[in-house]
Amino acid sequence: MLARGFVTPELDDDSVAELERRARILRGAILTMTSLANSGHPGGSMSSLECFLVLHHCANIDPVRPHWDARDRIVVSHGHTSPGVYAALADAGFFPLDDVIAHFRQVGSPFEGHVERLVPGVEWGTGNLGQGLSAGAGFALAARLTGRPSRTFVVMSDGEQHKGQVAEARRLAAKENLIDLTALVDLNGIQISGRTADIMPVDVAADFSADGWGVIEVDGHDVRAVYRAVAAAADDRERPVAVIAHTVIGKGVSFMEGEPEFHGRGLTLDEYERACAELGYDTASLERACAKRKSAVLTPHLHPARPRRVLAAGTARTYTREKDTDNRSAWGAALVDLAQTNPAVPMAVLDCDLATSVKTDGFARVRPGGFIQAGVGEHNAATVAGAMSAAGVLAFHADFGVFGIDEVYNQQRLNDINESEVKLVVTHCGVDVGEDGKTHQCIDYVGAFRNMFGWKVIVPADPNQTDRAVREMAGTPGCVALAMGRSKLPVILGADGEPLFGGDYRFEYGRASWARAGEAGVILTMGTLAGAAVEAADLLASEGVTVGVCVVSSPLEMDDEAMTRIAGAPLVLVAEDHGWRSGLWASAAEWMALHRRVCRLVPHGVTEYQSSGASAELFARIGMDAPGIAARFTELMEAR
Ligand SMILES: Cc1ncc(C[n+]2csc(CCOP(=O)(O)OP(=O)(O)O)c2C)c(N)n1
């Protein structure tokens, strides 16, 4: 009898026979779906199959309650082996096998070419190789923080062991002593271009071992041995364990075995028939699936939408003109408030050796268990944070903009695709990074996320708005980035002389704020430059020219009301510490185009990388301080 939870050290003979029987059938299913779709990855699916079968039948998961909180998490990192994963999940009862075979890789089907989190039983969408172990580390950390008894299994390929992110994840898992994390590496020795040993030799066992993991090597097609190794890994309470599964690509079909060609193509009809004859698989399956493919694609029960997190926002802090504060310090203080006012909420901060600069050191003091030091391993940190957030932890990844966004663009993209809930907090954005110079100037903190569909971006203008935005973003579902500069900033005052974002101001995503009103035009601004823009308007006012200042904090969600007002202005100057093509000006131009408004909309953003230097001096040099903004406005006004 197959039992869940790896409660016995060995599989009994009946279970072994049963799994072997199923493996034969599922090999036929893998070939049928890839032949019908005329694409897909049968080779690796067949080499990893016994690992998939053992895990999906024996881990603590439940096809009836696929999203049950305390379940084990199985991450398949080599997402191209989706035929094998779907076949094993179907065999374990998650959905009918016929549906997978018929609708694999079909338009509108959830059974995509690479494993997709919408499919019940798939915990993390992968396909961009090298990210799965990080996701697994994230799930293991989440289990620890939430006190859930879940174990995490990550199945990986040997080809992806080339990736640096795998090493980052290995080290973090060992350092954090994630003993409930088990990796299974399908060592089939083959990848697209030939033998792994020729393409990029990696001593997988030695690498895991050197980083502090236990290593067990097994015949990856022997279900008894695979089970025994995984059960032994669970018993190791000293360190995480990697099970190295020696396998054969295309296992089970003589002409596919060991052949790179079958890494990524479906079989021809003739090959299919020969393969089925070897497997004893009924070729009529293909015809049946072909007919069924014409029927409507069914949608299995998708991941439930997450409700808004119940979080006490605590008491907002109001900063005053007496003392300039940097936005990053305001974020750090609000984060500590959140941690202290919500002791029961599992919270984590992923740090990449920048805590004192990105102001998460306060959090580390009040919540040491939630402070995860990932070292200079940003790719790993980004994915770990994503997976932790998907497992119910309020997970922040705090970093410099250039590392938390530009360095890990594809990891943030995958966090988006996986509909995770990560909260990314980036400081040192823009030219305001100051003396560190070009390499550290992240001037696409809005532009990068403009290319993704789920990310929200918040760019607060002063410490008061930062404080309120942090409290709001913590409870906001989905992926949210908060982008700040580095310098101390003046508190922005409204026309009444009171802090514009102090007191009762409540941050609302998509809502712009008017700091000044005027006739001659509008300065549209965000973030670091907002204070300078207001000062510029005051300078112009002292010369008798009144200018409105509209402060945007959600540049990817423009405020229709404010934009309608702006569209009627004789001149709009967009002042931003961001690359001029892809930031606030782009959002405003997009809004005008979509709303068929014609407007004199002039960019005033960063046009090239700047040198090192004090931020104030750099801004003065490129006309982005208050006098520079005022001068540009005057120049444009006079050029009408
Ligand atoms: C980051 C990344 N780079 C490149 C690819 C393209 N790619 C897909 S599979 C593959 C070979 C991987 O080898 P392995 O996973 O060992 O494959 P298998 O054993 O299934 O043949 C490559 C390079 C990818 N998916 N992700």
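Residues numbered from 1 in each chain as written. Predicted model: local features only at pLDDT ≥ 70, side-chain atom pairs only at ≥ 80, totals over all residues.

## Examining the overall build of the protein chain
Along the protein chain, the regular secondary structure elements total 24 helices and 20 strands. For 640 residues, the compact-globule estimate of 2.2 N^0.38 gives 26 Å, and the protein chain sits close to it at 28 Å. If you line up the protein chain on its principal axes, its C-alpha atoms span 90 × 50 × 45 Å. Taking all 640 residues of the protein chain together, 57% fall into the buried category. Restricting to contacts in the protein chain with at least 6 residues of sequence separation, those with at least 24 account for 78%. (Helix = DSSP H or I, 4+ residues; strand = E, 2+ residues; numbered from the N terminus. Rg over C-alpha atoms; globule rule 2.2 N^0.38 Å. Buried ≥ 20, exposed ≤ 12 C-beta atoms within 10 Å, placed from the backbone. Contact = placed C-beta atoms within 7 Å.)

## Side note on the site of the ligand
Residues in close proximity to the ligand total 19 residues, the closest being Gly-44, Leu-129, Ser-157, Gly-159 and Gln-191. Of all the elements in the fold, those that place two or more residues in the shell around the ligand are helix 2 (42-58) and strand 4 (190-191). Within the shell around the ligand, the residues separate by chemical class into four nonpolar, 13 polar and two charged. (Near = placed C-beta within 6 Å. Nonpolar A, V, L, I, M, F, W, Y, C, P; charged D, E, K, R; others polar.)

## Things to note about the packing of helix 1 (residues 13-37) against helix 2
At a minimum axis separation of 10 Å, helix 1 and helix 2 run at an interaxial angle of 140 degrees. Between helix 1 and helix 2, the crossing angle belongs to the class labelled oblique. Relative to helix 2, helix 1 is oriented so that their crossing is right-handed. Judged by residue contacts, Leu-19, Arg-22, Ala-23, Leu-26, Arg-27, Ile-30, Leu-31 and Thr-34 of helix 1 engage Pro-42, Ser-45, Met-46, Leu-49, Glu-50, Leu-53 and His-57 from helix 2. (Axes fitted to C-alpha atoms, helices over the stretch in contact; angles between N-to-C directions. Parallel < 35°, antiparallel > 145°, perpendicular 65-115°, else oblique. Left-handed = near helix turned anticlockwise from the far one by under 90°.)

## What to know about unusual backbone geometry
For Phe-6, which is not glycine, the phi dihedral falls at a positive 50 degrees. Positioned with a positive phi, Lys-359 is a non-glycine residue whose angle comes to about 65 degrees. Of note, Lys-359 is situated in the loop between helix 13 (355-358) and helix 14 (361-366). According to the C-beta neighbour criterion, Lys-359 is buried, with 24 such atoms within 10 Å.

## Digging into the nonpolar core
By size, the foremost hydrophobic cluster in this structure holds 206 residues, and its most contacted members are Val-243, Ala-348, Leu-482, Ile-523 and Ala-533. Filtering out sequence-adjacent residues up to four positions away, Ala-533 remains in contact with Ile-523, Thr-525, Val-549, Ala-575 and Ile-629. (Core = buried A, V, L, I, M, F, W, Y, C linked by C-beta atoms within 7 Å.)

## Remarks on the sheet that holds strand 19 (residues 572-579)
With respect to topology, five strands assemble into an open sheet ordered 16-18-17-19-20, the strand pairing being mixed. The open sheet terminates on both sides in strands that have one partner only, identified here as strand 16 (513-516) and strand 20 (601-606). Across the sheet, the mean angle separating the axes of adjacent strands is 25 degrees when strand polarity is ignored. Pairing of strand 17 (residues 522-526) with strand 19, which is carried by four bridges, proceeds in the parallel orientation. Within strand 19, the residue paired with Leu-524 across the bridge is Val-574. Where helix 24 (residues 626-638) meets the sheet, its contacts fall on strand 17, strand 19 and strand 20, and the angle it forms with strand 19 comes to roughly 140 degrees. (Pairing = 2+ DSSP bridges.)

## Focus: the environment of Trp-68
Take Trp-68: it is sitting in the loop between helix 2 and strand 1 (73-76). Its 11 C-beta neighbours within 10 Å are what place Trp-68 among the exposed residues. Residues Trp-68 and Ala-17, spaced 51 residues apart in sequence, show a C-alpha to C-alpha distance of 30 Å.

## With respect to the domain arrangement of the protein chain
Domain boundaries in the protein chain define domain 1 (13-292), domain 2 (325-489) and domain 3 (513-638). Each of domain 1 and domain 2 has a C-alpha centre, and the two are 32 Å apart. With 18 residues of domain 1 at the interface, the matching set in domain 2 holds 24 residues. No other element matches helix 5 (residues 132-146), which puts nine residues into the side of domain 1 that touches domain 2. (Domains from an automatic or database assignment.)

## As for the pairing of strand 19
Extensive coverage of strand 19 is indicated by the burial of eight of its eight residues. Examined bridge by bridge, strand 19 and strand 20 share five bridges and lie parallel to one another. Within strand 20, the position partnered with Gly-579 by the bridge is Val-606.

## Topic: the environment of Ile-458
Note on placement: Ile-458 falls in strand 13 (residues 456-458). Assessed through the 26 C-beta atoms surrounding it within 10 Å, Ile-458 is described here as buried. The sequence separation of Ile-458 and Met-388 amounts to 70 residues, and the corresponding C-alpha distance is 21 Å. When neighbours within four sequence positions are excluded, Ile-458 is seen to be in contact with Ala-469, Met-473, Val-480, Leu-482, Ser-553 and Ser-554.

## Looking at the packing of helix 5 against helix 6 (residues 164-175)
Helix-helix packing: each pair is described by the crossing angle between the helix axes and the interaxial distance. Running from amino to carboxyl end, helix 5 crosses helix 6 at an angle of 25 degrees, the nearest separation of the two axes being 8 Å. In terms of their interaxial angle, helix 5 and helix 6 are classed as roughly parallel. For the element pair helix 5 and helix 6, the recorded crossing hand is left-handed. Along the contact surface, helix 5 presents Leu-133, Ser-134 and Ala-137, while helix 6 presents Gln-165, Val-166, Ala-169, Arg-170, Leu-172 and Ala-173. Its residues assigned to classes, the contact of helix 5 with helix 6 shows six nonpolar, two polar and one charged.

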